[in-house]
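# Residue-level structure breakdown
Letter by letter, the chains look like this.
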Amino acid sequence: MSETAVIVGAGIFGVSIANQLAGNGWQVTLVDQDEPGNERATSSSLSRVIRFGHGADTWYTRLAWRARTLWKQLEEATGTSLLVEAGMVWFVHEHEDGGLADRSESALRAEGIPVERLTPAEVAALYPSFDPGDLTSGVLEPAAGALHARRAVKVLSGLAVARGARLVRGEAHPAGDPRGSAVAIDGEVLHADQVVWACGPWLPRLFPGLVGLRVARCEYYYYQAPPNWTTPPLPVWYDFQGPFYGIFDLDGHGLKIAPDDAEADRDFDPQHGSRKLDDRNEPSSRAYLARRFPALAGVQHAGGRVCQYELTPDNEFIIARLPGTSNAWVIGGGSGHGFKHGPALGEYVERLLTGAEQPLERHSLRKRQSRPADGPRSAAANFSATWP
């Protein structure tokens, strides 16, 4: 008899786990209050960055590199474009010697992942218009790029259903004894061999005082760039000191620019918080574009989106059993760098569920402290806290 699993949350983590398990014969029920790829989900952006550098931290580097292989396999299996390998350039400033980009370059070389160190002139040659300013170099990841994010979530959920998973709409709550070992939804209680709570920014609401996540509001913007400002061929850029990253026109919606600090002074309620743009960061986004890419000065604003980051203080994922249970897991804390790992995370979680591997302490429900210098996402944790 096949094993059973209930997975709560149809964001990138949830659909990746559901697809992995269903593909290996599990009886899977995937639960979400909304459709996969809905506007409230952290995973519903049109595009997300895929990169492999995470400072000196090779656990995430290896996971992302494995995910690249799996994204390509998903493209082949479904005939759908998901991964755009246009490259990504880290912008390195004069005061960043030994910083995140340098550590990432060293780790990538050690792992045999393509990486190149560029002069400011070589970085400038990649773009139609570029002012290096105080940049001393760039670190190019030629195999990096962008993912069609919302499309990817829909593809993975659809593939999971095609492999036998059951998709259930409804608002789920922890049930069972111990709490969380079963799932209550619309008066029904679902039991399974394994229960996975992969609910992103809703996790603190479901498990208050247990899951240490801060949910921060983030706005990003689109601009009507000239026709030759597209990805591909132009690489994605990351400027952690900016602090901005961007993807040139990928999907017809224009150039995307987003702050990397997640507006850390603005806590957000993912269930009831307003998703109306207030354009608070639009002037600084526009000013950054004009400074770094002078030809884009005066470019027309074309809208944007409000989303959220679910941040752990150390930017590490949460991948842990719920206390007192042997079959219930909480998985989240993407912290701005989680999306690209999706399919590889699904593989990893299945190994945990079967006991082939044991969860790592670094991902546990432990008390955490901020780690801005070496965090896997960036130097911008932007808050100091311990949890719970």
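### Some words on the confidence of the model for the protein chain
The share of residues in the protein chain with pLDDT of 70 or more is 93%, and the mean pLDDT across the chain is 92. Low pLDDT, under 50, characterises residues 373-388; the stretch is placed with 59 contacts to residues that sit more than four places away or in other chains.

### A closer look at the side chain of Lys 340
With respect to the secondary-structure elements, Lys 340 resides in the loop between strand S20 (328-332) and helix H8 (342-354). Despite its burial, Lys 340 pairs with no opposite charge; the closest candidate is Glu 141, at 8.8 Å N-O. Of the polar contacts made by the side chain of Lys 340, one reaches the backbone oxygen of His 337; its length is 2.8 Å. Among residues more than four places away in sequence, those in contact with Lys 340 are Val 49, Ile 50, Arg 51, His 54, Ala 64, Ala 67, Trp 71 and Leu 147.

### Details of the pairing of strand S2 (residues 27-32)
Across the 6 residues of S2, 5 count as buried, placing the element largely inside the fold. Pairing of strand S1 (residues 4-8) with S2, which is carried by 5 bridges, proceeds in the parallel orientation. Each residue of the ladder has a partner; that of Val 8, found in S2, is Val 31. Where S2 and strand S9 (residues 166-169) come together, 4 bridges link them in parallel fashion. Within the sheet, the bridge partner assigned to Val 31 lies in S9 and is Val 168.

### As for the pattern of salt bridges
Under the definition given, this model contains 23 salt bridges. The partner of Arg 62 in a salt bridge is Glu 111, and the shortest N-O contact between them spans 2.9 Å. One end of the pair, Arg 62, is in helix H2 (residues 58-78); the other, Glu 111, is in helix H3 (residues 100-111), with 49 residues separating them in the sequence. Take Glu 111: its relative accessible area is 29%, and that puts it in the partly exposed class. Between Arg 117 and Asp 102 there is a salt bridge, with the nearest N and O atoms lying 2.6 Å from each other. With Arg 117 in strand S6 (residues 116-118) and Asp 102 in helix H3, this pair connects stretches of sequence that are 15 residues apart. A single salt-bridge network, built from bridges that share partners, covers Asp 102, Glu 105, Arg 109 and Arg 117.

### Quick notes on the sheet that holds strand S18 (residues 300-311)
Reading across from one edge, S6-S7-S5-S15-S16-S17-S14-S18 is the order of the 8 strands in this open sheet, with mixed pairing throughout. Lying at the two open borders of the sheet, with one neighbouring strand each, are S6 and S18. Neighbouring strand axes in the sheet, compared pairwise and without regard to direction, differ in orientation by 20° on average. Relative to strand S16 (residues 244-247), strand S15 (residues 236-239) runs antiparallel, the two being bridged by 3 bridges. Its bridge partner being in S16, Tyr 238 is matched across the sheet by Tyr 245. The strands that helix H7 (residues 282-292) touches are strand S5 (88-93), strand S7 (135-141), strand S14 (214-224), S15, S16, strand S17 (255-259) and S18; relative to S14, the one it contacts most, it runs at about 50°.

About the cut-offs
Residues numbered from 1 in each chain as written. Predicted model: local features only at pLDDT ≥ 70, side-chain atom pairs only at ≥ 80, totals over all residues. Heavy atoms only, no water. pLDDT = per-residue confidence, 0-100. Contact = heavy atoms within 4.5 Å. Helix = DSSP H or I, 4+ residues; strand = E, 2+ residues; numbered from the N terminus. Buried < 20%, exposed > 50% of the residue type's maximum accessible area, 1.4 Å probe, protein only. Lys, Arg positive; Asp, Glu negative; His and termini not counted. Salt bridge = Lys/Arg side-chain N within 4 Å of Asp/Glu carboxyl O. Polar contact = N/O pair within 3.5 Å; in protein donor to acceptor, adjacent residues only side chain to side chain. Pairing = 2+ DSSP bridges. Axes fitted to C-alpha atoms, helices over the stretch in contact; angles between N-to-C directions.

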